[in-house]
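Chains, contacts and geometry: an overview
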Amino acid sequence: MSDLFPEHIETDRLVLEPLTTENVDVLAYYRLCSHQNPHIEEITEFLSWEPHETPKETLEFVESREDAWHAGEDATYVVRPKGGEDGAGEIAGAAGLHPHWGRRTATLGTWLRKPFWGRGYSGERALALIEVAFERLDLEVVTVNHQTGNENSRRAIEKYVEQAGGQHEGLLRNGTMGPDGPVDCHRYSVTREQWEESRDE
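This text gives an overview of the structure that appears in the document. (Residues numbered from 1 in each chain as written. Predicted model: local features only at pLDDT ≥ 70, side-chain atom pairs only at ≥ 80, totals over all residues. Heavy atoms only, no water.)

From N to C terminus, the protein chain includes six helices and eight strands. Each helix and strand of the protein chain, ordered N terminal to C terminal, gives the series β-β-α-α-α-β-β-β-α-β-α-β-β-α. The C-alpha atoms of the protein chain give a radius of gyration of 16 Å, which matches the 17 Å a tight globule of 201 residues would have. Taking all 201 residues of the protein chain together, the buried fraction comes to 46%. In the protein chain, 61% of the contacts between residues at least 6 apart in sequence involve partners at least 24 apart. Carbon and sulfur atoms form 45% of the exposed surface of the protein chain, whose accessible area is close to 10,200 Å². Seen as two clouds, the 20 positive and the 38 negative side-chain charges of the protein chain have centres 3 Å apart. (Helix = DSSP H or I, 4+ residues; strand = E, 2+ residues; numbered from the N terminus. Rg over C-alpha atoms; globule rule 2.2 N^0.38 Å. Buried < 20%, exposed > 50% of the residue type's maximum accessible area, 1.4 Å probe, protein only. Contact = heavy atoms within 4.5 Å. Areas by Shrake-Rupley, 256 points an atom, 1.4 Å probe, with all protein chains shown as cover. Lys, Arg positive; Asp, Glu negative; His and termini not counted. Charge placed at Lys NZ, Arg CZ, Asp CG, Glu CD.)

Here is the structure:
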């Protein structure tokens, strides 16, 4: 694995490990990312990807995340609750840390299975990855977007961005791609200085 990204991240309630064929059963992951998951339409409504159609599609996706990790281009983690949490050890979802090295920024992304919504896992994962971006990768800005209308993400993002000292930057018209084409999105950011000040408070 690339030495750039940590291979194991623990928070109070979560464990994050690289999304690889070694760490996940591809057929099990397919069941979570396809129409075999009864909540998949609700989960992907505001995401940039559509439900996987075949196990081969899932395998190719996981392998692409491995390749990006090895190349130091992208870190995608599988998220599991720790012991003591409901669903401990299960795959709750995935989390991404996407560096843009030339701009010295990183973008966060995540999705969670519906049984794990509403627990604050998104914020816990985000704050851990913000720390990686600033302390390990020496980046200067972390950004996160959500599509217009995605109220669940808005609430979660506003909470953890405020905790990290950041702010809402504004609405980006056609700022990201949805399954049916470009869509508007809201952008938030945290600078290294803001994050450091929030930790000192």
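Text resumes after the structure shown.
The next point concerns empty space enclosed by the protein. Applying the stated rule across the entire model yields one cavity of 30 Å³ or more. Volume-wise, the largest cavity comes out at about 40 Å³. Lining the largest cavity are Leu-108, Ile-130, Val-142, Thr-143, Val-144, Tyr-160, Val-161, Tyr-188, Ser-189 and Val-190. Elements that contribute at least two residues to the lining of the largest cavity include exactly strand 6 (141-147), helix 5 (151-163) and strand 8 (181-191). (1 Å grid on protein atoms, 1.4 Å probe; cavity = no way out; pocket = protein on both sides within 12 Å on 5 of 7 lines; lining within 4 Å. Points joined across faces, edges and corners; volume = space filled by probe spheres on them.)

Let us look at the packing of aromatic side chains. Working definition: an aromatic ring pair is given by the centre-to-centre distance plus the angle between the planes. Applying the stated criterion across every chain, the model contains six aromatic pairs. Taking the centre distance of 5.3 Å and the plane angle of 65° together, the rings of Phe-5 and Trp-69 count as edge-to-face. Highlighted residues: Phe-5 in the segment before strand 1 (9-10) and Trp-69 in helix 3 (residues 55-70), separated in sequence by 64 residues. Residue classification places Phe-5 among the buried residues on the basis of a relative accessible area of 1%. Among the residues examined, Trp-69 registers a relative accessible area of 1% and is labelled buried. What links up through ring pairs into an aromatic cluster is the set Phe-5, Trp-69 and Tyr-77. (Phe/Tyr/Trp six-rings, centres within 6.5 Å; stacked < 30°, edge-to-face > 60°.)

Here the focus is helix 6 (residues 192-200). Along helix 6, the residues classified as buried are Arg-192, Trp-195 and Ser-198. Considered in projection along helix 6, the buried side chains sweep an arc of 125° and stay on one side of the axis. Facing away from the buried side of helix 6, by more than 90 degrees, are the exposed residues Glu-197 and Asp-200. Looking at the buried positions of helix 6, the neighbouring elements they touch are helix 4 (121-136), helix 5 and strand 8. (Arc of directions from axis to C-beta.)

Residues other than glycine seldom take positive phi values, yet Arg-104 does so here, at roughly 55°. Mapped onto the elements of the fold, Arg-104 is located in the loop between strand 4 (93-100) and strand 5 (105-112). With a phi angle near 60°, Asp-138 is a residue other than glycine that sits in the positive phi range. Counting through the fold element by element, Asp-138 comes out in the loop between helix 4 and strand 6.

Once that is clear, we can look at the side chain of Asn-37. Mapped onto the secondary structure, Asn-37 falls in the loop between helix 1 (26-33) and helix 2 (40-44). Within polar-contact distance, the side chain of Asn-37 engages the backbone nitrogen of His-39 at 2.9 Å. When neighbours within four sequence positions are excluded, Asn-37 is seen to be in contact with Arg-31, Leu-32, Ile-43 and Arg-113. (Polar contact = N/O pair within 3.5 Å; in protein donor to acceptor, adjacent residues only side chain to side chain.)

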